Amino acid sequence: MKCPYCGDDNSRVIDSRPSDENNSIRRRRQCDGCGRRFTTYEKVETIPLSVIKKDKTREPYDRSKIEAGIMSSCHKRPVSVEQIEKAVDAIETEVFNLELKEIESRQIGEIVMDKIKDLDEVAYVRFASVYREFKDVGTFMDELKKMLDSKN
């Protein structure tokens, strides 16, 4: 494994343990070149998944896009990075459990909205406003009313 600090190809594992509910293995490594430590994660490789975008183009599934969307929605909100990572893990598990080779971005967006609602209501509204492309304040208010009605 290449060291992220000095680029040396030689490192050794100094600790291994299961993480993410036994879905991956966390390995602490130490670089033989510079002596610094870093963490790697080993996961089972999944079936390649293509995402069908709104314009019908296809692109490979990219976890980081989901993570970035949730991160920006949760900006300056009381949501920890660990909570976001758990939500992304749950979203990814749900998506891959569908066992599809292709999935519409709309379907992923709905799964994300379900999970983000549990994280933080303000983050949910932020995500929904971008995802659902609210055209005016009326549409925005309709979504807020739905959210408030579901709480009662």
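Residues numbered from 1 in each chain as written. Predicted model: local features only at pLDDT ≥ 70, side-chain atom pairs only at ≥ 80, totals over all residues. Heavy atoms only, no water.

Structural notes on the sheet that holds strand β3 (residues 37–43)
Link 1 in the chain: Taken together, the three strands give an open sheet; going across it, the order is β1-β2-β3, and neighbouring strands pair in antiparallel fashion. Sheet topology places β1 (11–19) and β3 at the edges, where each strand pairs with a single neighbour. For this sheet the average axis-to-axis angle between neighbouring strands, irrespective of direction, equals 25°.
Link 2 in the chain: Relative to strand β2 (residues 24–31), β1 runs antiparallel, the two being bridged by eight bridges. Directly across from Asp15, in β2, lies its bridge partner Arg28. (Pairing = 2+ DSSP bridges. Helix = DSSP H or I, 4+ residues; strand = E, 2+ residues; numbered from the N terminus. Axes fitted to C-alpha atoms, helices over the stretch in contact; angles between N-to-C directions.)

Quick notes on helix α4 (residues 121–131)
Link 1 in the chain: Regarding α4, the residues found buried are Ala123, Tyr124, Val125, Phe127, Ala128 and Tyr131.
Link 2 in the chain: Summarising the contacts, the buried residues of α4 are in contact with α1 (63–73), α3 (105–119) and α5 (137–151).
Link 3 in the chain: In this structure Asp120 caps α4, since a side-chain oxygen of it lies 3.1 Å from the backbone nitrogen of Val122.
Link 4 in the chain: A positive backbone phi angle near 50° is found at Glu133, which sits one or two residues after α4. (Buried < 20%, exposed > 50% of the residue type's maximum accessible area, 1.4 Å probe, protein only. Contact = heavy atoms within 4.5 Å. Polar contact = N/O pair within 3.5 Å; in protein donor to acceptor, adjacent residues only side chain to side chain.)

Some words on the packing of aromatic side chains
Link 1 in the chain: For the coordinates displayed, the defined rule picks out one aromatic pair.
Link 2 in the chain: Between Tyr61 and Phe96, the aromatic rings sit 5.2 Å apart at their centres with planes inclined by 80°, giving edge-to-face as the arrangement. With Tyr61 in the loop between β5 (58–60) and α1 and Phe96 in helix α2 (residues 81–97), the pair connects residues that are 35 residues apart, well separated along the chain.
Link 3 in the chain: The class of Tyr61 is buried, set by a relative accessible area of 16%. (Phe/Tyr/Trp six-rings, centres within 6.5 Å; stacked < 30°, edge-to-face > 60°.)

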